[in-house]
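Architecture and fold: a report
These are the residues of each chain, in order.
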Amino acid sequence: MFALMQSTRTQSLHLFIDPPTGLKAVVVIHSEQLGPALGGCRYLPYADDESAMTDAIRLAQGMSYKAALAGLPVGGGKAVIVRNPHVENRAALFEAFGRFVDSLQGRFITAVDSGTSTLDMDCIAQTTPHVTSTTASGDPSPHAAMGVFAGIRATSMARLGSDNLEGLRVAVQGLGNVGYALAEQLHAAGAELLVSDLDPGKVRLAVEQFNAHPVINDALISTPCDIFAPCGVGPVLNGQSVMQLRCAAVAGAANNQLTTLQVADQLEKRGILYAPDYVINAGGLIYVALRHRGEDLGTITAHLARIPTRLTEVFAHAQAEKRSPARVAQMLAERLLYG
């Protein structure tokens, strides 16, 4: 774990248990260079404790890069609560987690993430002020989807020569809060949707509401389309899956889409344009960071509008340097963080 922290330049790793509630939590502070670390709280089952810590470290690093490239005055962090099959009192568990966050004295601010809700954030807020995405501050998912939608238009312009999405085939993998909101916006823009999710109910709803074409989850990545939009949890692009892609570009809401940077090089060799995840999906972080600072919706919307501009800048650098956009984005982020 120390080796992983060193390789990712992670600042600190914090572990917490609360036997009365069954809480087992990890908080990673990757960087406080630009401000207090801000990161969502995941509540998911993990194969083992090491997997939970590794996930938190890699996600926290992505948050630092995301905040830096979005021009936000926050650092990168992440929280993971290991989900047990049976929880007697969910509210008490999240209140205990709030006490853990509070013990970090403002160095870490948490927010909603996979497996958590605004109601969970309300419980955390009972024991710490260092939380956002509460019922009062609002769910960031619609704003995350807005940013990704704008990023898909920028990606389409860069790869296909037009930002008009009408008639474009977009494969949306994962119909969670962000994925479903993104599908709604794509449908309104006239895109033809291919969708998959582990929950068949969400797929049926997308078929009914957006006239989407349902595809088996494992088959979506190899289904011909213009843009593949990963919006689920965890890395989906590895050496094997990249060879199955039949698309012009990859642009989606998921974090940590690539298993390694070498996978980005493979995409480049295949002529598939990759929109770096922590550039295109910054909308949620922009919303929670600026809401926590008390900014109004107009300021937040204006900041969201910079996502396609930053993405276009990354694409231009990549084309000029004949490098993967993922490597260019990392270079730009590290320059902002470390000089």
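Residues numbered from 1 in each chain as written. Predicted model: local features only at pLDDT ≥ 70, side-chain atom pairs only at ≥ 80, totals over all residues. Heavy atoms only, no water.

**Describing the pairing of strand β9 (residues 227-230)**
Residues of β9 alternate between two faces, with I227 and A229 on one and F228 and P230 on the opposite face, all of them buried. Across four bridges, the pairing between strand β6 (residues 169-173) and β9 is parallel. Across the sheet, residue V172 finds its bridge partner in β9, namely A229. In terms of strand pairing, β9 meets strand β10 (residues 249-250) through two bridges, oriented parallel. Looking across to β10, one finds that I227 is bridged to A249. (Buried < 20%, exposed > 50% of the residue type's maximum accessible area, 1.4 Å probe, protein only. Helix = DSSP H or I, 4+ residues; strand = E, 2+ residues; numbered from the N terminus. Pairing = 2+ DSSP bridges.)

**Some thoughts on the sheet that holds strand β11 (residues 273-274)**
What the six strands build is an open sheet, ordered β8-β7-β6-β9-β10-β11; its pairing is parallel. Every interior strand has two partners, whereas the edge strands, β8 (213-214) and β11, have only one.

**Digging into the packing of aromatic side chains**
On inspection of all chains with the given rule, the structure shows five aromatic pairs. Ring plane angle 80° and centroid distance 6.0 Å describe the contact between F97 and F100, whose orientation is recorded as edge-to-face. Here the residue F97 and the residue F100 both occupy positions in helix α3 (residues 90-102), the gap between them amounting to three residues, near one helical turn. Each member of the pair, F97 as well as F100, is classed as buried. A connected cluster of aromatic rings, assembled from ring pairs, spans F16, F97 and F100. The ring of Y338 has R9 lying over it, and the distance from NZ or CZ to the ring centre is 4.1 Å. (Phe/Tyr/Trp six-rings, centres within 6.5 Å; stacked < 30°, edge-to-face > 60°. Lys NZ or Arg CZ within 6 Å of the ring centre and 35° of its normal.)

**Remarks on the sheet that holds strand β5 (residues 108-112)**
In spatial order, the strands read β1-β2-β4-β3-β5; together these five strands make up an open sheet with mixed pairing. The sheet is open, and its two borders are formed by β1 (12-18) and β5, each paired with just one other strand. On average, each strand axis in the sheet is tilted by 25° relative to the strand beside it, whichever way the strands run. Along the sheet, helix α2 (residues 49-70) makes contact with β1, β2 (23-31), β3 (37-44) and β4 (75-82), crossing β4 at roughly 155°. Along the sheet, α3 makes contact with β1, β2, β3, β4 and β5, crossing β2 at roughly 35°. (Axes fitted to C-alpha atoms, helices over the stretch in contact; angles between N-to-C directions. Contact = heavy atoms within 4.5 Å.)

**Focus: the packing of helix α11 (residues 283-292) against helix α12 (residues 297-304)**
Following both chains from N to C, one finds α11 and α12 inclined at 150°, their axes separated by 10 Å at the closest point. In terms of orientation, α11 lies roughly antiparallel with respect to α12. Where α11 crosses over α12, the two elements pack in a sense that is right-handed. Here G283, I286, Y287, L290 and R291 of α11 lie close against α12, whose contacting residues are L297, T299, I300, H303 and L304. (Parallel < 35°, antiparallel > 145°, perpendicular 65-115°, else oblique. Left-handed = near helix turned anticlockwise from the far one by under 90°.)

**Some thoughts on the nonpolar core**
Counting 45 residues, the largest nonpolar core has I152, L186 and L193 as its most contacted members. With residues up to four places along the chain from it excluded, the contact list for L186 reads F149, I152, L165, V170, V172, A191 and L193. Membership of the second largest hydrophobic core comes to 22 residues, among which are C41, Y43, A79 and V131. (Core = buried A, V, L, I, M, F, W, Y, C linked by side-chain atoms within 4.5 Å.)

**Quick notes on the pairing of β3**
With eight of eight residues buried, β3 lies mostly within the body of the structure. Here six bridges tie β3 to β4, and the two strands are oriented parallel to one another. Bridge pairing links L38 to G76 in β4. Where β3 meets β5, five bridges bridge the pair, whose relative direction is parallel. Across the sheet, the residue bridging to L38 is I109, located in β5.

**Comments concerning the UniProt feature "active site" (unreviewed entry) in the protein chain**
Per the UniProt record, "active site" (unreviewed entry) is annotated on K78. With respect to the helices, strands and loops of the structure, K78 is situated in strand β4. (UniProt positions renumbered as here; feature names shortened; annotations may be inferred.)

**A word on the pattern of salt bridges**
Under the criterion given, the structure shown has 11 salt bridges. Salt-bridge contacts for K24 lead to D49; the nearest nitrogen and oxygen are separated by 3.0 Å. Of this pair, K24 sits in strand β2 while D49 sits in helix α2, placing them 25 residues apart in sequence. Judged by its relative accessible area of 33%, K24 falls in the partly exposed class. Here the salt bridges do not stand alone but share partners, grouping R42, D55, K78 and D113 into one network. (Salt bridge = Lys/Arg side-chain N within 4 Å of Asp/Glu carboxyl O.)

**Examining the packing of helix α5 (residues 141-160) against helix α6 (residues 177-188)**
The contact between α5 and α6 brings their axes to 8 Å, and the two run at 50°. With respect to α6, the element α5 is oriented oblique. As for how α5 packs across α6, the hand of that crossing is right-handed. Note on element contacts: α6 touches α5 through N177, V178, A181, L182, Q185 and L186, opposite S141, P142, A144, A145, M146, V148, F149 and I152. Class assignment of the residues belonging to the contact of α5 with α6 gives a composition of 11 nonpolar, three polar and no charged. (Nonpolar A, V, L, I, M, F, W, Y, C, P; charged D, E, K, R; others polar.)

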